[in-house]
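# Structure assessment
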Amino acid sequence: MIEELLPSTVLTVEAYGDEGVDAPLYPEEEAVVRRAVLKRRREFTAVRVCARRAMEKLGVAPGPVLPDERGAPLWPEGLAGSMTHCQGYCAAALVRVGELASVGIDAEPHAALPEGVLTAVALPGEVARIARLSGEVPGVHFDRLLFSAKESVYKAWYPLTGKWLDFMEADLEFQVEDGEGTRGAFRATLLVDGPVVGGRGVNVFTGRWTARQGLIATAVTVALAG
Ligand SMILES: CC(C)(COP(=O)(O)OP(=O)(O)OC[C@H]1O[C@@H](n2cnc3c(N)ncnc32)[C@H](O)[C@@H]1OP(=O)(O)O)[C@@H](O)C(=O)NCCC(=O)NCCS
């Protein structure tokens, strides 16, 4: 699912169900999840199996993927990337830093958000646009799509800035590219100063989404200046 949302320079590996959940971890990774509950340990492991395979595909020797102080994955020198896991699915996306400035991916179950969450993560304009889209394409849970897209925006934003980005600090607009509502694009206008990439401020992030197989997946890429 993730592969089709990203340019071919981004290497993606995904896993479904229990694939990889019991794989061995590097000792440094083991230390991170030593006290974690089983669910966390299994998803942490499965997505790192994906990340290692992606590193191999890029011709980079696989190694431990440790979190920084905010939880972001620390990649080997020369790589950028992102990881996601949800019930029954996980994925890693990696790219050489000479190809893209940043990438963020997210996957969620394709179901409505719990009561009250939408207004906590969406601007009034986003709520209105989602209501209109939901009338036009009733098969898509646009509230969940918005949530996932914002998480992808954050995962692409954080490695470039080292800063928190609030849900209310990006204004998202979605396009639907087919009648069934299985895929499309989105645009996130940052409402705070964006990262500086190659000397230029970036105030709009763009991404793609898909909804199928009971999942919603989103991906954001930030291009190098030029
Ligand atoms: C960090 C966050 C985005 C993770 O999303 P999630 O849906 O809870 O979980 P996912 O399974 O999709 O992703 C988890 C992975 O995200 C990555 N991640 C965690 N923190 C990160 C950060 N600061 N930057 C980039 N990636 C991060 C990690 O690889 C993590 O997996 P790991 O813990 O096994 O290493 C989310 O918990 C969060 O804090 N969101 C609030 C910030 C936000 O989204 N703002 C919206 C701005 S418009």
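Note that the coordinates shown come from a computational prediction; the quantities given were computed from them, not determined experimentally.

## A word on the overall build of the chain
- Per the secondary structure count, the chain includes five helices and twelve strands.
- For the chain, the C-alpha radius of gyration of 17 Å lies close to 17 Å, the compact-globule estimate for 226 residues.
- A burial count over the chain gives 47% of its 226 residues as buried.
- Taking as baseline every contact in the chain between residues at least 6 positions apart, the subset at least 24 positions apart corresponds to 62%.
- Just so you have it, the chain exposes about 10700 Å², and 52% of that area is on carbon and sulfur atoms.
- Charge centroids of the chain, computed over 23 positive and 30 negative side chains, lie 3 Å from each other.

## Remarks on the site of the ligand
- Arg-40, Arg-48, Thr-84, His-85 and Glu-151 are the nearest of the 23 residues found near the ligand.
- Take Arg-40: an N or O atom from its side chain is 2.7 Å from an oxygen atom of the ligand.
- Within the contact set of the ligand, an oxygen atom lies 2.7 Å away from a side-chain nitrogen or oxygen of Thr-84.
- The protein chains hide 84% of the 930 Å² of surface that the ligand would expose on its own.
- If you list the elements that add at least two residues to the shell around the ligand, you get helix H2 (38–57), strand E4 (79–86), strand E6 (102–109) and helix H5 (142–161).
- No other element matches the five residues that H5 contributes to the shell around the ligand.
- In the shell around the ligand, the residues fall into eleven nonpolar, three polar and nine charged.

## Describing the pattern of salt bridges
- Applying the stated criterion to the full structure yields 16 salt bridges.
- For Glu-29, the salt bridge is made with Arg-48, and the minimal N-O distance between the two is 4.0 Å. Separated by 19 residues along the polypeptide, Glu-29 in helix H1 (residues 27–32) and Arg-48 in helix H2 bring together distant segments of the chain.
- Of the residues examined, Glu-29 reaches a relative accessible area of 0% and is grouped as buried.
- Between Glu-43 and Arg-40 there is a salt bridge whose closest N-O contact spans 3.9 Å. Within this pair, Glu-43 and its partner Arg-40 are both found in helix H2, separated by three residues, close to a single helical turn.

## As for the sheet that holds strand E8 (residues 183–190)
- On the basis of which strands lie adjacent, the open sheet formed by five strands has the order E6-E12-E11-E8-E7 and antiparallel pairing. Either end of the sheet is taken by a strand with one partner, and the two such strands are E6 and strand E7 (170–176). Recorded for the sheet is a direction-independent mean angle of 20 degrees between the axes of neighbouring strands.
- One ladder, built from seven bridges, connects E8 with strand E11 (residues 204–212); its direction is antiparallel.

## Structural notes on the sheet that holds E4
- With antiparallel pairing, three strands are arranged side by side in an open sheet as E1-E5-E4. At either margin of the open sheet sits one strand with a lone partner, and together these are strand E1 (11–16) and E4. Going across the sheet, the axis of each strand differs from the next one's by a mean of 10 degrees, ignoring polarity.
- Note: E1 against strand E5 (residues 89–96), six bridges, orientation antiparallel. In the sheet register, Val-13 faces E5, and the bridge partner there is Ala-92.
- Against the sheet, H2 makes contact with E1, E4 and E5, and its axis sits at roughly 35 degrees relative to E5, the strand it touches most.

## Notes on the side chain of His-110
- Relative to the elements of secondary structure, His-110 occurs in the loop between E6 and helix H3 (117–121).
- A distance of 3.0 Å separates a polar atom in the side chain of His-110 from the backbone nitrogen of His-141.
- For His-110, the residues in contact, after removing those within four places along its chain, are Gly-139, Val-140, His-141, Ala-211, Gly-214, Leu-215 and Ile-216.

## Description of unusual backbone geometry
- If you check the backbone angles, Gln-213 has positive phi at about 55 degrees while not being a glycine.
- Relative to the assigned elements, Gln-213 resides in the loop between E11 and strand E12 (215–222).

About the cut-offs
- Residues numbered from 1 in each chain as written.
- Predicted model: local features only at pLDDT ≥ 70, side-chain atom pairs only at ≥ 80, totals over all residues.
- Heavy atoms only, no water.
- Helix = DSSP H or I, 4+ residues; strand = E, 2+ residues; numbered from the N terminus.
- Rg over C-alpha atoms; globule rule 2.2 N^0.38 Å.
- Buried < 20%, exposed > 50% of the residue type's maximum accessible area, 1.4 Å probe, protein only.
- Contact = heavy atoms within 4.5 Å.
- Areas by Shrake-Rupley, 256 points an atom, 1.4 Å probe, with all protein chains shown as cover.
- Lys, Arg positive; Asp, Glu negative; His and termini not counted.
- Charge placed at Lys NZ, Arg CZ, Asp CG, Glu CD.
- Near = heavy atom within 4 Å.
- Polar contact = N/O pair within 3.5 Å; in protein donor to acceptor, adjacent residues only side chain to side chain.
- Nonpolar A, V, L, I, M, F, W, Y, C, P; charged D, E, K, R; others polar.
- Salt bridge = Lys/Arg side-chain N within 4 Å of Asp/Glu carboxyl O.
- Pairing = 2+ DSSP bridges.
- Axes fitted to C-alpha atoms, helices over the stretch in contact; angles between N-to-C directions.

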